[in-house]
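Observations on the model geometry
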Amino acid sequence: MYWRGYRGDAMVAAYANSLARRLPIMAILLVLGLAAIQLRYVGTVHWQWLVPGMALSVLTFAQGWHWLPRRVEARSLDRRARDLAWLPLDVGMRVAIAVAWALSLYLTGNESQRTLVQVLLAMLSVVGLFGFAHHPATSTRIVLVSVLPSIAVFLYTDGWNALPVSLVLIGVNAALAIVAFSYHADFVRLELSRQQLARRERTAARLADAHSEQALRDALTGGLNRRGILARIKQELADGPTRRAGTQPWLALIDLDGFKHINDTYGHAAGDDVLRAVAARIDTIAGVVAHGRLGGDEFAILFDGALDEAGVGAAAHNLAQAVRQPVAHNNVLLRLHASTGLHRMEGADLGPCLERADAALYKAKARGEGAIVVFGDDDEVALAQRAFLTRRFNDCALDARLRVLYQPFFDNDSGALMGFEAFARWSPDGQSWLAPGDFLDLANATGRTGELTRAVLSRALAECEAWRDGLTLAVNLTPRDVTREGAVEALTALVHAAGADPSCILLEMNEKALLGDPRRALAQMQAFRAAGFRLALDDFGAGWSSLSQLRDLPFDMVKIDRALATALTTDPGARAIVSTIVTLAWQLDMECLIEGIETEAQAATARALGIRLMQGYHFSRPASALVAQAMTGRAVA
């Protein structure tokens, strides 16, 4: 195996590269040797005897030029393989001719000339063995065609006097041949080991690339996952300084409105079909540079920075229309739409870009029906204000920054005070006070909704002790309170610690609390009822609340939204809706209270429709605990 060498492209390259580092040097040495013989014989032989040496010098120089490393590397592997295959014959013939020419001169030369030829022929075999050690077929031919003819000529001309030199020449070349072949074997083993290591490295690199690709891909949609799309956004931001102003890509965040309903109604398999369909449709939109799923039903999309605001708006509109197309699943057509927030990326940080696109998305979701919002200057101001308020809310001691106001509700038939609803106010600076609508999102964002509810209930129990006189104290629950683990136990403990009866506490919740996780919400409501609390459905008629909720959920009271109260005196449709609610509440044995009564005409109309419990500015605005206590005192006196 070592005689002909291992085959294969890698070994061909290895042999060729090794010989390319040696053969040009050997060619120079041979040319110098030929030149030395020619110079030594000038004047002692006819010039025609020197012509073969000159020709051999030219051919040898050409061969050395042919094997220069840079020229070898420029040739194809097939050409290098042919060169290696031809090398033993090519070199063997050149060496044979050179030896024959040198020995012919040896026969005619004097003692000093013969000595030079002997030395050069001996050096030729040694140089050939080590110079072509990585090509044993060639090195063996060099030894054979140089040593054997030389010994024959030496013995012929010098007789037995040349025998010691001949034996030494044979022994030295044999020993050197063994060393050279061993050297070649080591070279082969080392090269094979190197190739095996290179193959392992390539395999490892391929596996690493595959794993990296897999790590960046969303297994469900086949597109980029959160890690992949965020990495792409970071790369775009890093390339930002090289772009002209106004050509940075657009970052879009889209959220699928109605996705949770599909998941809850048709199962997660249907939701998976929707996500795959949406990802495929994003791919078809012109102007999309990259996209990926951030998680759940939220996608991030990079639009081409060459688009102006109108262009990216049109692309986002095309995407919204594509998402609106029904998705087929098990012979059912699933429908939903996408809200989109857009922001042209600036700066070098990922966080601010996502924050701005998310702010635009939040605004789009508030508008509903798949709205598209581009983050603008006004949004920048609002975002800064929100960031300021969020930091203040997150860092403050809630109890120190809270104020609770109390608005009474009455039995309009008798004029009797029935109880109070507690309204929380929060101040970021101790001077301005925000209503829940302005800071409840901050509580959600900072994870303090449970703490907020407990603080309000605790403050209300301590400040407004109307419950001691049998009146009702109503407290609003956040949507998270209705599903939070441990909420029932925490609120029950607060009521018992104050010495109150849970039956005096009315816990109000709106439809949002019921839509997030209906099953969990029902279980939690039943637990609240089991603990003794009474429950009210707040703002009924303001959104998507259905009459079936009154039938299926354990409410003690339904509170009709103020929007219906405002329309009572002018809109027959509003009166018809309120009349239906009142009738159903009466049939389900629920109390019915209407909020937002501001005029006597509204109160009279509500009373005519059968509503007894009323609340609103017509009776009293939310007031301090002192005012509430005074009203309680007058009511029970």
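Residues numbered from 1 in each chain as written. Predicted model: local features only at pLDDT ≥ 70, side-chain atom pairs only at ≥ 80, totals over all residues. Heavy atoms only, no water.

**Structural notes on the overall build of the protein**
Just so we agree on the cut-off: Strands here mean DSSP runs of E at least two residues long; helices mean DSSP runs of H or I at least four residues long; both are numbered from the N terminus. Radius of gyration here uses only the C-alpha atoms, and the compact-globule reference equals 2.2 Å multiplied by the residue count raised to the power 0.38. Relative accessible area decides the class of each residue, using a 1.4 Å probe on protein chains only: under 20% of the type maximum gives buried, over 50% gives exposed, and in between gives partly exposed.
Scanning the protein from terminus to terminus reveals 24 helices and 15 strands. In terms of overall size, the protein is more extended than a compact globule, its C-alpha atoms giving a radius of gyration of 48 Å where 637 residues would be expected to give roughly 26 Å. Summarising its shape, the C-alpha atoms of the protein cover approximately 150 × 50 × 50 Å along the three principal directions. Sorting the 637 residues of the protein into buried and exposed places 46% on the buried side.

**Observations concerning the packing of helix α1 (residues 9-41) against helix α5 (residues 111-131)**
To keep things clear, this is the line we draw: Only the contacting stretch of a helix is used when fitting its axis, a line to C-alpha atoms as for every element, and angles between N-to-C directions run 0 to 180 degrees. What sets the label is the angle itself: under 35 degrees gives roughly parallel, over 145 gives roughly antiparallel, 65 to 115 gives roughly perpendicular, and the rest give oblique. Pairs of residues are marked as contacts when any of their non-hydrogen atoms sit within 4.5 Å. All amino acids are sorted into three groups, where Ala, Val, Leu, Ile, Met, Phe, Trp, Tyr, Cys and Pro are nonpolar, Asp, Glu, Lys and Arg are charged, and the leftover types, Gly among them, are polar.
Direction vectors running N to C along α1 and α5 enclose 175°, while the axes themselves pass 11 Å from each other. In terms of their interaxial angle, α1 and α5 are classed as roughly antiparallel. Residues Leu19, Arg22, Met26, Leu29, Leu30, Gly33, Ala36, Ile37, Arg40 and Tyr41 of α1 form the contact with α5, whose own contacting residues are Ser112, Gln113, Arg114, Leu116, Val117, Leu120, Leu124, Val127, Gly128, Phe130 and Gly131. Classifying every residue of the contact of α1 with α5 by side-chain character gives 13 nonpolar, five polar and three charged.

**A look at the pattern of salt bridges**
The condition that has to hold: The working definition used for a salt bridge is a side-chain nitrogen of Lys or Arg within 4 Å of a carboxyl oxygen of Asp or Glu.
Tallying each qualifying case throughout the model produces 25 salt bridges. Note that Arg459 and Asp399 form a salt bridge whose closest N and O atoms lie 3.1 Å from each other. With a gap of 60 residues between them, Arg459 in helix α16 (residues 449-463) and Asp399 in helix α14 (residues 398-401) connect regions that are remote in the sequence. Using a relative accessible area of 17% as the deciding quantity, one classes Arg459 as buried. With a closest N to O distance of 3.5 Å, Glu595 and Lys559 form a salt bridge. Highlighted residues: Glu595 in the loop between β14 (591-594) and α23 (600-608) and Lys559 in strand β13 (residues 557-560), separated in sequence by 36 residues. Classification of Lys559 as buried rests on a relative accessible area of 1%. Several salt bridges converge on common partners, so that one network encompasses Asp411, Arg534, Glu591 and Arg612.

**Considerations on the sheet that holds strand β3 (residues 298-303)**
This is how the line gets drawn: Only strands that DSSP links by at least two bridges are regarded as paired with each other.
With respect to topology, five strands assemble into an open sheet ordered β2-β3-β1-β6-β7, the strand pairing being mixed. Both outer strands of the open sheet, β2 (288-295) and β7 (372-374), are each paired with one neighbouring strand and no more. Across this sheet, the average inter-strand angle for adjacent strands is 20°, counted without regard to direction. Where strand β1 (residues 250-257) meets strand β6 (residues 337-344), eight bridges bridge the pair, whose relative direction is antiparallel. The partner of Leu251 across the bridge, within β6, is His343.

**Here's the deal with the packing of aromatic side chains**
Test applied: Pairing of aromatic rings covers Phe, Tyr and the six-membered ring of Trp, with a centre-to-centre limit of 6.5 Å; geometry is then stacked below 30 degrees between planes, edge-to-face above 60, and tilted otherwise. Cation placement over rings: the criterion is NZ of Lys or CZ of Arg within 6 Å of the ring centroid and within 35° of the ring normal.
Considering all chains together, one arrives at five aromatic pairs under this definition. Here the aromatic rings of Phe393 and Phe439 are separated by 6.1 Å at their centres, their planes lie at 25°, and the arrangement is stacked. Pair noted here: Phe393 is in helix α13 (residues 377-395) and Phe439 is in helix α15 (residues 436-446), with a separation of 46 residues, a long-range link. Both residues of the pair, Phe393 and Phe439, count as buried. A cation sits over an aromatic face here: Arg403 above Trp433, 4.4 Å from the ring centre.

**A few points about the side chain of His337**
With respect to the secondary-structure elements, His337 resides in strand β6. For His337, a relative accessible area of 18% translates into the label buried. Here His337 is in contact with Asp255, Leu256, Asp257, Val323, Arg324, Glu369 and Gly370, once residues within four sequence places are set aside.

**Observations concerning a nonpolar patch on the surface**
How we decide: To count toward a patch, a residue needs a relative accessible area above 30% and no salt bridge. Like charges then connect within 9 Å, nonpolar side chains (Val, Leu, Ile, Met, Phe, Trp, Tyr) within 5 Å. Note that accessible areas follow from Shrake-Rupley with a 1.4 Å probe, and for residues the cover is restricted to the protein chains shown.
Taken together, the side chains of Ile25, Ile28, Leu29 and Leu32 define a hydrophobic patch exposed on the protein surface, amounting to about 390 Å² of accessible area. Among the secondary structure elements, Leu32 is positioned in helix α1.

**Some thoughts on the pairing of strand β12 (residues 534-540)**
For β12, the tally of buried residues reaches five of seven residues, placing the bulk of the element in the interior. Here strand β11 (residues 505-509) runs beside β12; their pairing, made up of four bridges, is parallel. Across the sheet, Met509 pairs through a bridge with Leu537, a residue of β12. Across three bridges, the pairing between β12 and β13 is parallel. Pairing of Phe540 across the sheet is with Ile560, part of β13.

**Side note on the confidence of the model for the protein**
Where we set the bar: Predictor confidence is given residue by residue as pLDDT, running from a minimum of 0 to a maximum of 100.
This prediction gives the protein a mean pLDDT of 86; 96% of its residues lie at or above 70. Element-level mean pLDDT values for the protein span from 70 in helix α20 (residues 547-552) up to 96 in strand β15 (residues 613-614). Note that residues 1-5 has pLDDT below 50 and, in this model, 11 contacts with residues that lie over four places away or in other chains.

**So, the packing of helix α9 (residues 259-266) against helix α10 (residues 268-283)**
The contact between α9 and α10 brings their axes to 6 Å, and the two run at 145°. Touching Phe259, Ile262, Asn263 and Tyr266 of α9 are His268, Ala270, Gly271, Val274 and Leu275, all from α10. Grouping the constituent residues of the contact of α9 with α10 by class yields six nonpolar, three polar and no charged.

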